[in-house]
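Next come the chains, spelled out residue by residue.
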Amino acid sequence: MNDKEATNVVAQVTEHVFAVDADALTLFLIVLPESLTLIDAGFPGAVDRVDEAVRSLGRRLTDIHDVLVTHCHPDHAAGLAEIEAATGARSWMHPADAVLARQGQGFRPWVVSPGERSRAFAEEVISLCPPTYAPAVVRQEAQPGETLPVAGGIRAIGSPGHTVGHLVFLWPEDDGVLFVGDAANNVDGLQLSPVYEDLADGLESLRMIAQLEFETACFAHGPSIVGDAAAAFRRLWGDPASS
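Residues numbered from 1 in each chain as written. Predicted model: local features only at pLDDT ≥ 70, side-chain atom pairs only at ≥ 80, totals over all residues. Heavy atoms only, no water.

Draft legend 1. Looking closely at the overall build of the protein. Counting its secondary structure elements, the protein contains 8 helices and 15 strands. Taking 18 Å as the expected radius of gyration for a compact globule of 243 residues, we find that the protein reaches 16 Å, a close match to that expectation. Overall, the C-alpha framework of the protein stretches about 50 × 40 × 35 Å when taken along its three principal axes. Of all 243 residues assigned to the protein, the portion counted as buried reaches 57%. Of all intrachain contacts in the protein linking residues separated by at least 6 positions in sequence, the fraction that spans at least 24 positions is 64%. For the protein, the exposed surface amounts to about 9900 Å²; the carbon and sulfur share of it is 52%. Computed over 15 positive and 34 negative side-chain charges, the separation of the two mean positions in the protein equals 2 Å. (Helix = DSSP H or I, 4+ residues; strand = E, 2+ residues; numbered from the N terminus. Rg over C-alpha atoms; globule rule 2.2 N^0.38 Å. Buried < 20%, exposed > 50% of the residue type's maximum accessible area, 1.4 Å probe, protein only. Contact = heavy atoms within 4.5 Å. Areas by Shrake-Rupley, 256 points an atom, 1.4 Å probe, with all protein chains shown as cover. Lys, Arg positive; Asp, Glu negative; His and termini not counted. Charge placed at Lys NZ, Arg CZ, Asp CG, Glu CD.)

Draft legend 2. Main features of the packing of helix α2 (residues 46–56) against helix α4 (residues 80–87). Between α2 and α4, the shortest axis-to-axis distance is 8 Å and the interhelical angle comes to 45 degrees. By the criterion of interaxial angle, the relationship of α2 to α4 is oblique. Contact residues: α2 offers A46, V47 and V50, while α4 offers E82, I83 and A86. Taken together, the residues of the contact of α2 with α4 break down into 5 nonpolar, no polar and 1 charged. (Axes fitted to C-alpha atoms, helices over the stretch in contact; angles between N-to-C directions. Parallel < 35°, antiparallel > 145°, perpendicular 65-115°, else oblique. Nonpolar A, V, L, I, M, F, W, Y, C, P; charged D, E, K, R; others polar.)

Draft legend 3. Representation of the pattern of salt bridges in the model. The final tally for this structure, using the stated rule, is 12 salt bridges. Between E52 and R49 there is a salt bridge, with the nearest N and O atoms lying 3.7 Å from each other. On the criterion of helical spacing, the pair formed by E52 and R49 is a turn pair, its members being 3 residues apart in helix α2. R49 matches E52 in its accessibility class, with the two residues each being buried. For the salt bridge of D66 with R90, the shortest nitrogen-to-oxygen distance reads 2.7 Å. In this pair, D66 is assigned in strand β5 (residues 64–68) and R90 in strand β6 (residues 90–93), connecting sequence segments 24 residues apart. Residue R90 is classed as partly exposed on the basis of its relative accessible area, which comes to 22%. Residues participating in the shared-partner salt-bridge network are D23, R49 and E52. (Salt bridge = Lys/Arg side-chain N within 4 Å of Asp/Glu carboxyl O.)

Draft legend 4. Region of the structure containing helix α5 (residues 95–103). Listed as buried for α5 are P95, D97, A98, L100 and A101. In the stretch just after α5, G104 is the one whose phi turns positive, near 70 degrees.

Next comes the structure, spelled out in structure tokens:
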């Protein structure tokens, strides 16, 4: 692979945050001199895209010391076992979703969000995802509200709804970067994810997120919002009565 092809895999979002194109979704790297941190692990085979991205930045896979996984669904966790093996990194998940990832189980029962787009995506994409994957180790469990000793300190925030153990990660550097996972997506604009285990909990989590302060929001699905990102959440979910 030539340098141009490798560079196309990765794009800079903020000074230290880079987006990695993993085909079905976007993964993220926090790039610091002392280490790299990967947000989410993608499907099986995503380690190859991560390797391309890391090499294009002049680094090595073993520079990844930590992998923060937002939740247990296959597009976020099915590639974790391969990434753990290739990097030796610690992986972090909410205890409730870590249980499933260690068993290689991708799903609990879910419901579809309102709207034809969500219904079609659930039927045509999510329902066809393999429900199992290679079990991961998940060495560390991230408790909601805990500041993890990762990338100089990153806050794990409980955001149940999409899954019971869903986490968003708030990094205070670069004026505040929120790694949203699937609490919401930004495909054709900021909106609900297509499915939730509990939609009411998901909406409550979005109202909570709307009260946080962050300049950049990084989405697994859809482009990042760079600049005044928290205001975009407040416009949709800042009203306690919003739905």
